[in-house]
Amino acid sequence: MTAPINLAVPSDRWLWQKATLKESTVLQSFAFDEKNKHLYVLQVTATGHTAGDLCLNRLDYKGNRLGAMYLKGFGHGVSMGIQHDAEDGSTWIWTEADAENGYGQGVTRFHFKDGAVRTGADVRIRKPIPDSTNNQPSVCTASGRIAIRYRDKDNKPRYRVWDLARFTARDYADPIADVAQVGAHPDPKIPFQGYALYRDTVFQIAGTAYDAKTNPVAERGNAYVSSLDITTGELHQQERTEAGHTLVYREPEGIAVRGAADPKAYIGFGSGELGARRFSIFVKDGEGA
C-alpha cells in the first residue's frame, strides 16, 4: 500500500511563533479534537524533566489558550491521543503515566479540566505490554485504533496497535500489529521527537535544535519526517524538512494527523529564547503519494 500522506510535498505555516502556552518551555506533542475544534498541546514544565511533570494546554485553532492543567509524574509528553466517548460524547485525553526518569512507564486517559492538578493516584494507569518501558500512546480516530510506542526487554523501540474499543475495555490479548520502529532519521543517534498513528501508517518526526557545530543554521536543520507501514513494518518515506528554517533555536517537536477523508500531517517546532519559548506548527497540505 501507499502512505495516505505524501511527506515530500512542501510544508505550509499553520500556526507561527505562538507564545500562548502556559509554560515557557517548548511543546512536546499535540493532538486535534476535531469534534470540538480544540488543539491539545503537552509541555514538560520548566523544573519537571526528571519527575515527568507535564502541562496540558487546550487551544483553539488560532492558537489562543482556552485553559491548562498539570499532570504530575506522568512522563515526557512524547505523544498523545484524543478519544471521543461513544456513550456520553465526552473527550478523553490519552497520555503517558507513571514516570520513571522522566518517561511514562504506562498510559492513561482522563478528561481535561482547566486549572486541575492530577497525579498518578487520580487516574487508572494501564501497562498493556509486560516487561516494557517508556509507553507512549497515539490514537487514530479515523480507524478507531490506538498505538503504544514502547521499549522492549532489549531496549529497542517498537509500536503495538490495538482496536481502541477493545483496548479501552482492557482487552490487550489480540493486537492488530507489533512492529519495530525504523527509519525515523538517517542517523540513529539523532533524537526521536514524536509520532502519530493514522490507519495503517505511523508518522514519525526526529531531529535536534540548531547548534553552531553539529546542526548549523546555514544548513537549515536536521529534522526528518517519515512514515512506517504497520502491516508490513516497512518504511514508506523518509524526508528531510526545512519547514520553519528561519526560526531561532528551531527544534522539531511533535507530529499529528488531522482529517479522515483528506488527511494532512502537521509538524511542530519549538523556537525562541530559553525561558521564553514559542511554538509553530506546519502542515503538509499536498495530495497523497
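Attention here is on the structure that accompanies the text.

Reading the values: the criteria
- Residues numbered from 1 in each chain as written.
- Predicted model: local features only at pLDDT ≥ 70, side-chain atom pairs only at ≥ 80, totals over all residues.
- Heavy atoms only, no water.
- Helix = DSSP H or I, 4+ residues; strand = E, 2+ residues; numbered from the N terminus.
- Rg over C-alpha atoms; globule rule 2.2 N^0.38 Å.
- Buried < 20%, exposed > 50% of the residue type's maximum accessible area, 1.4 Å probe, protein only.
- Areas by Shrake-Rupley, 256 points an atom, 1.4 Å probe, with all protein chains shown as cover.
- Lys, Arg positive; Asp, Glu negative; His and termini not counted.
- Charge placed at Lys NZ, Arg CZ, Asp CG, Glu CD.
- Pairing = 2+ DSSP bridges.
- Phe/Tyr/Trp six-rings, centres within 6.5 Å; stacked < 30°, edge-to-face > 60°.
- Lys NZ or Arg CZ within 6 Å of the ring centre and 35° of its normal.
- Axes fitted to C-alpha atoms, helices over the stretch in contact; angles between N-to-C directions.
- Polar contact = N/O pair within 3.5 Å; in protein donor to acceptor, adjacent residues only side chain to side chain.
- Contact = heavy atoms within 4.5 Å.
- Salt bridge = Lys/Arg side-chain N within 4 Å of Asp/Glu carboxyl O.

### Examining the overall build of the chain
Okay, so step 1: Looking only at helices and strands, the chain has one helix and 20 strands in total.
Okay, so step 2: Its C-alpha atoms give the chain a radius of gyration of 17 Å, within 12% of the compact-globule value 19 Å for 289 residues.
Okay, so step 3: Projected onto its principal axes, the C-alpha coordinates of the chain cover approximately 50 × 45 × 40 Å.
Okay, so step 4: Sorting the 289 residues of the chain into buried and exposed places 56% on the buried side.
Okay, so step 5: As displayed, the chain has an accessible area near 12,300 Å², and 46% of this comes from carbon and sulfur atoms.
Okay, so step 6: For the chain, the centre of its 35 positive side-chain charges and the centre of its 35 negative side-chain charges are spaced 4 Å apart.

### Points about the sheet that holds strand S5 (residues 65-71)
Okay, so step 1: Read from one edge to the other, the open sheet built from five strands follows the order S2-S3-S4-S5-S9, with strand pairing classed as mixed. In this open sheet, the two edge strands, each paired with only one partner strand, are strand S2 (29-33) and strand S9 (117-118).
Okay, so step 2: Looking at chain direction, S5 and S9 are connected through two bridges and run parallel. For Leu71, the partnering residue across the bridge sits in S9 and is Arg118.

### Focus: the packing of aromatic side chains
Okay, so step 1: The full count for this structure, using the stated rule, is 15 aromatic pairs.
Okay, so step 2: These aromatic residues form a ring-pair network of at least three members: Trp14, Phe30, Phe32, Tyr61 and Tyr266.
Okay, so step 3: Above the ring of Tyr249, the side-chain terminus of Arg277 is found at 3.7 Å from the ring centroid.

### Some details on the sheet that holds strand S20 (residues 276-284)
Okay, so step 1: The four strands are arranged S1-S20-S19-S18 in an open sheet whose pairing can be described as antiparallel. Bordering the open sheet on either side are strand S1 (11-18) and strand S18 (251-258), each of which pairs with just one other strand. Going across the sheet, the axis of each strand differs from the next one's by a mean of 20°, ignoring polarity.
Okay, so step 2: Relative to S20, S1 runs antiparallel, the two sharing five bridges. Considered in S20, the bridge of Leu15 is made with Ile281.

### Quick look at the side chain of Asn222
Okay, so step 1: Relative to the helices and strands, Asn222 resides in the loop between strand S15 (201-206) and strand S16 (224-229).
Okay, so step 2: Take Asn222: its relative accessible area is 13%, and that puts it in the buried class.
Okay, so step 3: Within the local environment of Asn222, its side chain forms a polar contact with the side chain of Thr208, the two groups lying 2.8 Å apart.
Okay, so step 4: The residues contacting Asn222, other than those within four sequence positions of it, are His185, Ile190, Ala206, Gly207, Thr208, Asn215 and Arg250.

### A few points about the environment of Lys62
Okay, so step 1: Note that Lys62 resides in the loop between strand S4 (54-59) and S5.
Okay, so step 2: For Lys62, a relative accessible area of 62% corresponds to the exposed category.
Okay, so step 3: Residues Lys62 and Val107, 45 residues apart in the sequence, show an inter-C-alpha distance of 29 Å.
Okay, so step 4: Those residues in contact with Lys62 that lie beyond four places of it in its chain are Leu15 and Lys18.

### Focus: the pattern of salt bridges
Okay, so step 1: All told, the structure shown has twelve salt bridges when counted by the stated rule.
Okay, so step 2: Of the charged contacts in the structure, one is a salt bridge between Asp200 and Arg145, with a shortest N-O distance of 2.7 Å. Placement of Asp200 in the loop between strand S14 (192-198) and S15 and of Arg145 in strand S11 (residues 145-151) is noted, with a sequence separation of 55 residues between them.
Okay, so step 3: Owing to a relative accessible area of 22%, Asp200 belongs among the partly exposed residues under this scheme.
Okay, so step 4: With a closest N to O distance of 2.9 Å, Asp171 and Arg166 form a salt bridge.
Okay, so step 5: Here Asp171 falls in the partly exposed class, since its relative accessible area comes to 28%.
Okay, so step 6: Judged by its relative accessible area of 36%, Arg166 falls in the partly exposed class.
Okay, so step 7: Residues joined in a network through salt bridges with shared partners are Arg158, Arg160 and Asp178.

Remember that the coordinates give geometry; whether it matters functionally is a separate question.
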